[in-house]
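Observations on chain architecture
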Amino acid sequence: MNSFNFDVITLIPRAFELINNLGVVTRALDKKLINVNVHDLRQYGEGSYKQVDDKPYGGGSGMVLKPEPIYKAHDSIKKLSNSRTLLMTPQGKVLKQQDLSRWSSLDQLIIICGQYEGFDERVRNLADEEISVGDYVLSGGEIPAMSIINGLTRLIPGTLGDPSSLFDESHNSFLLEYPQYTRPKIFKGMEVPNVLTSGNHEEIKSWREKKSLERTLERRNDLNFKNEDKK
Ligand code: SAH
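This text gives an overview of the structure that appears in the document. The structure displayed is predicted, hence computed values, not measured ones.

**A closer look at unusual backbone geometry**
Residue R183 is joined to P184 through a cis peptide bond whose omega torsion reads 5°. You can see P184 is positioned in the loop between α4 (142-153) and β8 (186-187). Unlike most non-glycine residues, H171 shows phi in positive territory, near 75°. Structurally, H171 is set in the loop between α4 and β8.

So this is what it looks like as structure tokens:
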């Protein structure tokens, strides 16, 4: 089987040392199910200072990433046939579990991380998709990129000990997961629901379906599972 290839363009390559220590990702790297190639944007900078940023035209605070180094870095990455380029930006489409599963059938995901005040508008032309990890602003695209690497890696066959754990979990089929318990049966007066210790698999299944639905309605009525068929 071919490995899934992540190619990340970043000014902070060291940030990605962290993903080597993230359980499932570590296992996937060891088993060669994924490759994470980190490309240091600074190497594509201009002049002896390897400049990658500049002041914005029209004035304003902060620095903006120049287009040339990002284009050069992107051009230098060997494109596999089944590849997509993502741009990390708080202005993008908010990341959903469905995006991760859609990308999991690719061979390569190229992820561009911004820094400072962001990037020159012309960088957008490189991207197939612009992705945000939520309606808040971080200082760089590294944590968003790692979220994508982590979330997508879990979906690659062979990475999870028990692949069936993907089936019921939150955000699969627009539902949140049902409540889970482990031993002890009573903890500080809080009891495990009887049905779960009954051994009746049918009842357990329908209790879980009901709880999953209740929980989604209570907490995330926006998830739109009711409209799933229409999508
Ligand atoms: N001035 C920009 C924000 C810059 S934040 C604006 O208002 O749109 C610096 C970089 O961090 C961004 O270029 C992006 O790559 C990353 N970033 C910050 N918040 C993010 C989010 N919610 N999702 C994805 N990337 C984000």
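**Brief notes about helix α6 (residues 201-219)**
At 3.6 residues per turn, the α-helix brings residues three or four places apart onto the same side. For α6, which comprises 19 residues, the first-to-last C-alpha distance of 27 Å matches the rise-based estimate of 27 Å (1.5 Å per residue) to within 8%. If you follow the buried residues of α6, they end up packed against α5 (194-197).

**Details of the layout of surface pockets**
By volume, the largest pocket amounts to about 420 Å³. If you go around the largest pocket, you meet 25 residues; those closest to its centre are M88, T89, P90, G118 and F119. At the level of secondary structure, the elements contributing two or more residues to the lining of the largest pocket comprise β5 (83-94) and β7 (129-132). Here the lining of the largest pocket gets 4 residues from one element, more than from any other, and that element is β5. The residue inventory of the lining of the largest pocket, partitioned by class, reads 11 nonpolar, 10 polar and 4 charged.

**A short note on the nonpolar core**
Proteins that are soluble and globular tend to have nonpolar side chains buried together. In terms of nonpolar packing, the biggest core is built from 28 residues, with W103, L109 and I148 touching the most fellow members. Listing elements by their share of this core, those giving two or more residues are β1 (4-10), α1 (24-30), β5, α3 (97-103), β6 (108-112) and α4. Those residues in contact with W103 that sit more than four places away from it in its chain are F4, R84, L86, L95, L109, E129, I131, I148 and L152. Counting 16 residues, the second largest nonpolar core, distinct from the first, contains L65, I110, F119 and A127.

The rules behind each value
- Residues numbered from 1 in each chain as written.
- Predicted model: local features only at pLDDT ≥ 70, side-chain atom pairs only at ≥ 80, totals over all residues.
- Heavy atoms only, no water.
- Helix = DSSP H or I, 4+ residues; strand = E, 2+ residues; numbered from the N terminus.
- Expected span 1.5 Å × (residues − 1).
- Contact = heavy atoms within 4.5 Å.
- 1 Å grid on protein atoms, 1.4 Å probe; cavity = no way out; pocket = protein on both sides within 12 Å on 5 of 7 lines; lining within 4 Å.
- Points joined across faces, edges and corners; volume = space filled by probe spheres on them.
- Nonpolar A, V, L, I, M, F, W, Y, C, P; charged D, E, K, R; others polar.
- Core = buried A, V, L, I, M, F, W, Y, C linked by side-chain atoms within 4.5 Å.
- Buried < 20%, exposed > 50% of the residue type's maximum accessible area, 1.4 Å probe, protein only.

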